[in-house]
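# Per-entry structural report
Here is how the chains run, residue by residue.
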Amino acid sequence: MSISQPIRYSSDLESIRDDEKETIAGLNEQFDVIMQKTAEDYGHAVRSVHAKAHGIIEAAMTVAAGLPPELAQGMFATPGAHKVFLRLSTNAGDILPDAISLPRGLAMKVLDVEGPRLPDAEGSTQDFIMVNGPVFQAPNAKKFLSSLKLLAKTTDRMEGTKTVLSSVLQTVNKGLEAVGVASPTIQSLGGAPNSDPLGETYFSVTPFRYGDYVAKFKLKPISPDLTQRTDTLIDATVRENAIRETVQAEMQETNGVWEFQVQLCRNLEDQPIEDPTVEWKEEDAPFVTVAKVTAMPQDSWSDVNVQKVDEEMRFSVWTGLDAHRPLGNINRARRDPYRHSAEFRARFNGCPFHEPSH
Ligand code: HEM
């Protein structure tokens, strides 16, 4: 079967729902409940979801030269290297012991990107935010909000490994639904594979403007040091921060190379903009590499980078170029809550966030 031509971007590809404003206010309200509880418990404010970081990695993104016109768009129209920060996380709003296995997140900040910026996007960075699965569980923000309400009610005081496992699992189950990655395995026993984040493939899940076109993104490990970790499990039964410790030990001698790929939207029925529960099938819309991300061996939990990235930076799909505008109901609903959550942290911790350069 031949592959269709990519759909051209236009603002009427999006359809705004009547409930969006009200839903966003509701999201902020629930995130406040979660953050207030965790901040009081820890004496320090953490992100309202993806609170626990497992690694902060410095890397470089090299945009390929000679890309065909449909791929040479936005920041990918200019070949060359950019500094990058990666933050590896799991999706709960609590800092849970790693024995509770959760889906993985990867936030990436690409520095010194040129071009007109999205409204309110400070600095000169382009953020990409991904998880290790191709779809989101909630079809729209309103549904996401109803799960979040359950989570906010059950956000518990956590006391590390002393926490009673059943109460943790309860929180996790609710948490998973709220962040949209329900897993029957985890929900039954908390037994999802505790995979090594260095071997995982990450997806944007939601679509973005890609200059003249529309795309979803993917970050795929390709160097043997990374691919040998794919499907390897971390034993976190006795170590609360086993993932962080494993990543740190491995990154001491890992040459990491990932391909950054884009999947252009080619048919609005099979690759919808508004519903991220629908996977864009690769047979109809292939992923193509536009850049490489490389990381040298390093300390992935250095005090300096933890302070700089985990504490003083915020990641948001709305921090970036207008040419990579987030699209669809879920993405529109992320704009205000990401800032709201980061501002809560900044206020509570007395530590403003910064957009880095160089
Ligand atoms: C309506 C939908 C969503 C809402 C309201 C939401 C909300 C949030 C908030 C408030 C934060 C914390 C921001 C901060 O404190 O700096 C966050 C972080 C995050 N979200 Fe979402 N999110 C949504 C959808 C998604 C989707 C579809 C993905 C999948 C790619 C995702 C992946 C992540 C990741 C990986 C982080 C951690 C970012 C970091 O490392 O700083 N979220 N989200």
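Residues numbered from 1 in each chain as written. Predicted model: local features only at pLDDT ≥ 70, side-chain atom pairs only at ≥ 80, totals over all residues. Heavy atoms only, no water.

## Describing the pairing of strand E1 (residues 52–63)
For E1, a buried count of nine out of twelve residues is recorded, marking the element as mostly surrounded by other parts of the structure. Pairing of E1 with strand E2 (residues 80–90) involves eleven bridges; the strand directions are antiparallel. Opposite Ala59, over in E2, you have Val84 as the bridge partner. Here four bridges tie E1 to strand E9 (residues 287–295), and the two strands are oriented antiparallel to one another. Counterpart to Ala60 in the pairing with E9 is Thr294. (Buried < 20%, exposed > 50% of the residue type's maximum accessible area, 1.4 Å probe, protein only. Helix = DSSP H or I, 4+ residues; strand = E, 2+ residues; numbered from the N terminus. Pairing = 2+ DSSP bridges.)

## What about the coordination of the iron atom of the ligand?
One donor from the polypeptide reaches the iron atom of the ligand: Tyr338 (OH), at 2.0 Å. Positionally, Tyr338 belongs in helix H8 (residues 329–349). (Donors = N, O, S within 2.8 Å, 3.2 Å for Na, K, Ca; no water.)

## Quick word on the site of the ligand
With respect to spatial proximity, 23 residues lie near the ligand, and among them Arg47, Arg87, Tyr338, Ser341 and Arg345 are the closest. Here an oxygen atom of the ligand sits 2.7 Å away from a polar atom, N or O, in the side chain of Arg47. Between the ligand and Arg345 there is a distance of 2.5 Å, counted from an oxygen atom to a side-chain nitrogen or oxygen. In this structure, the ligand is accommodated by the largest cavity. Among the elements of the structure, helix H1 (20–42), strand E3 (104–110), strand E4 (126–131) and H8 are those that each provide at least two residues to the shell around the ligand. The leading source of residues in the shell around the ligand is H8, at seven residues. Of the residues in the shell around the ligand, the class split is 14 nonpolar, five polar and four charged. (Near = heavy atom within 4 Å. Polar contact = N/O pair within 3.5 Å; in protein donor to acceptor, adjacent residues only side chain to side chain. 1 Å grid on protein atoms, 1.4 Å probe; cavity = no way out; pocket = protein on both sides within 12 Å on 5 of 7 lines; lining within 4 Å. Sits in = over half its atoms within 2 Å of the grid points. Nonpolar A, V, L, I, M, F, W, Y, C, P; charged D, E, K, R; others polar.)

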